[in-house]
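The chain contents come next:
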Amino acid sequence: MKKWLFIFASCLVAPAQSQDVIHLKTGESSICEIEAVTDNIVVFLMSGPGGGSAKRTIPMERVDYLEFGFETGEKAVFDDLENISAEILESWWEFHFTNLHRPRSRTASYGIAFGNALVKEAPATGAARALSVFDRIIERAWSDEDKSLARQGRLRALIASGELETAVGEAQVLQSETEDPDLLIEVKFLLAEADFEQLKALELEHPKWIEDDEVRPGRNELYHRIVDQYLWPHLFHATREEAAARGLFRAASVYEFAAEIELARAAYEDLGSLYPDTQSSTPAKERLDLLSTTE
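Thresholds applied
Residues numbered from 1 in each chain as written. Predicted model: local features only at pLDDT ≥ 70, side-chain atom pairs only at ≥ 80, totals over all residues. Heavy atoms only, no water. Helix = DSSP H or I, 4+ residues; strand = E, 2+ residues; numbered from the N terminus. Rg over C-alpha atoms; globule rule 2.2 N^0.38 Å. Buried < 20%, exposed > 50% of the residue type's maximum accessible area, 1.4 Å probe, protein only. Areas by Shrake-Rupley, 256 points an atom, 1.4 Å probe, with all protein chains shown as cover. Lys, Arg positive; Asp, Glu negative; His and termini not counted. Charge placed at Lys NZ, Arg CZ, Asp CG, Glu CD. pLDDT = per-residue confidence, 0-100. Contact = heavy atoms within 4.5 Å. Pairing = 2+ DSSP bridges. Axes fitted to C-alpha atoms, helices over the stretch in contact; angles between N-to-C directions. Phe/Tyr/Trp six-rings, centres within 6.5 Å; stacked < 30°, edge-to-face > 60°. Lys NZ or Arg CZ within 6 Å of the ring centre and 35° of its normal. Core = buried A, V, L, I, M, F, W, Y, C linked by side-chain atoms within 4.5 Å. 1 Å grid on protein atoms, 1.4 Å probe; cavity = no way out; pocket = protein on both sides within 12 Å on 5 of 7 lines; lining within 4 Å. Points joined across faces, edges and corners; volume = space filled by probe spheres on them. Nonpolar A, V, L, I, M, F, W, Y, C, P; charged D, E, K, R; others polar.

**Section: the overall build of the protein**
Reasoning step 1: Looking only at helices and strands, the protein features twelve helices and five strands.
Reasoning step 2: A compact globule built from 295 residues should have a C-alpha radius of gyration of about 19 Å, whereas the protein, at 25 Å, is more than 25% larger.
Reasoning step 3: In terms of its C-alpha atoms, the protein occupies a principal-axis envelope of roughly 85 × 35 × 35 Å.
Reasoning step 4: The buried share among the 295 residues of the protein stands at 44%.
Reasoning step 5: When the accessible surface of the protein is totalled, it reaches about 16,200 Å², and 51% of it is carbon and sulfur.
Reasoning step 6: Charged side chains of the protein number 30 positive and 52 negative; the gap between the two group centres comes to 7 Å.

**Examining the confidence of the model for the protein**
Reasoning step 1: Looking at the protein, the pLDDT average stands at 90 and 92% of residues meet or exceed 70.
Reasoning step 2: Here residues 1–18 is modelled with pLDDT under 50, and outside its nearest four sequence neighbours on either side it reaches 33 contacts, counting other chains as well.

**Here's the deal with the sheet that holds strand 5 (residues 63–67)**
Reasoning step 1: Read across the sheet, five strands follow the order 4-3-2-1-5 without closing on themselves; strand pairing throughout is antiparallel. The sheet is open, and its two edges are formed by strand 4 (53–59) and strand 5, each paired on a single side. The average angle at which neighbouring strand axes cross in this sheet is 45 degrees, direction not considered.
Reasoning step 2: Pairing between strand 3 (residues 41–47) and strand 4: seven bridges, direction antiparallel. Residue Ser47 lies in a different strand from strand 4, and its bridge partner there is Ser53.

**A look at the packing of aromatic side chains**
Reasoning step 1: Within the structure shown, the criterion is met by nine aromatic pairs.
Reasoning step 2: Ring centres of Phe78 and Tyr110 lie 5.5 Å apart, and the angle between their planes is 65 degrees; on these two criteria the pair is classed as edge-to-face. Highlighted residues: Phe78 in helix 2 (residues 74–78) and Tyr110 in helix 4 (residues 107–121), separated in sequence by 32 residues.
Reasoning step 3: Since its relative accessible area comes to 24%, Phe78 is described here as partly exposed.
Reasoning step 4: Under the relative-accessibility criterion, Tyr110 is labelled buried at 0%.
Reasoning step 5: Positioned over the ring face of Tyr65 is Arg104, at 3.8 Å from the centre of the ring.
Reasoning step 6: Stacked on the ring of Phe196, the Lys or Arg Lys200 has its end atom at 4.4 Å from the ring centre.

**Digging into the nonpolar core**
Reasoning step 1: Core analysis: the biggest nonpolar cluster contains 63 residues, and Leu89, Ile137, Tyr230 and Tyr268 have the highest contact counts within it.
Reasoning step 2: Broken down by element, the residue count for this core peaks at nine residues, all from helix 8 (residues 181–205).
Reasoning step 3: Excluding residues that lie within four positions of it along the chain, Tyr268 makes contacts with Phe249, Ala252, Ser253, Glu256, Ala284, Arg287, Leu288 and Leu291.
Reasoning step 4: Ranked by size, the runner-up nonpolar core spans eleven residues in total, among them Phe44, Ile58, Met60 and Leu66.

**So, the side chain of His234**
Reasoning step 1: With respect to the secondary-structure elements, His234 resides in helix 9 (residues 216–236).
Reasoning step 2: On the accessibility criterion, His234 (17% relative accessible area) is buried.
Reasoning step 3: Excluding anything up to four places from it in sequence, His234 contacts Ala244, Leu248, Leu274 and Tyr275.

**Section: the layout of surface pockets**
Reasoning step 1: Estimated volume of the largest pocket: approximately 1,600 Å³.
Reasoning step 2: Together, 40 residues line the largest pocket, and Glu82, Asn116, Arg156, Glu186 and Arg246 are the ones closest to its centre.
Reasoning step 3: For the lining of the largest pocket, the elements supplying multiple residues, two or more each, are helix 4, helix 6 (144–160), helix 8 and helix 10 (241–257).
Reasoning step 4: It is helix 8 that provides the largest number of residues to the lining of the largest pocket, a total of nine residues.
Reasoning step 5: Of the residues in the lining of the largest pocket, the class split is 18 nonpolar, seven polar and 15 charged.

Okay, here's the thing in structure tokens:
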């Protein structure tokens with residue numbers, strides 16, 4: 001044991017530019033340059049007082065977690081994941097991939113952002129690749145939070161690929177398994193998105209649905225369920241302003257689709273009044289202005 005304490009005490013004098021950190025289960029941590037990692041060992045370089053360096057190896061059973069320093073240019077990407085292209089995110093996902101299962105690894109964050117970017121940039125072609133990425137995170141990620149985010153991403157990818165029944169089924173299971181309000185908000189939103197796609201398909205297939213006694217009840221039930229799910233955060237978690245505003249905006253979109261223009265206008269007005277500082281506020285005002293000019 002004294003041998004390992006000596007190694008880590010020596011490692012503390014490593015140059016400031018060395019950014020990797022090894023955290024031991026004893027509570028000690030040291031700045032080093034991690035050279036190689038397997039599930040059994042970690043190999044690292046440490047600098048001594050004289051400026052030289054020595055290669056050391058310790059068993060992973062002694063390690064609590066590894067903190068990898070950012071590569072050149074990486075931190076700027078990591079700090080802005082939602083706005084980075086899928087191409088760039090893919091390179092970092094692949095670079096860190098072997099550490100996906102390690103405690104506190106940031107690999108899953110890259111994968112989740114990569115999958116979301118694939119769906120956003122190319123829904124038709126990117127959804128299948130995104131599903132593969134999300135499935136790997138769900139299977140291998142260390143963090144339950146990362147797995148939860150990957151499940152949400154998987155639902156988006158399923159919706160984008162047109163697998164609505166599968167998406168709804170998985171969302172309902174996920175909804176029944178959690179009481180986390182943030183997760184419930186996302187699941188209900190995704191359920192509403194899937195249901196809205198089904199509503200559009202139903203009305204396209206049955207353009208005279210309002211005259212069809214067999215189709216109309218199911219259509220109306222679907223319509224009201226969509227609105228209820230979109231409005232859920234606004235009604236029950238209004239302090240989560242971005243989520244509440246997003247749902248209110250989508251509910252207004254459903255009203256517009258159903259030609260319920262007064263309801264749409266009221267929803268847009270409520271959004272602008274109640275959530276003026278959210279991302280949905282500006283597009284809501286634009287829609288409201290457009291509705292006013294088309295009266």
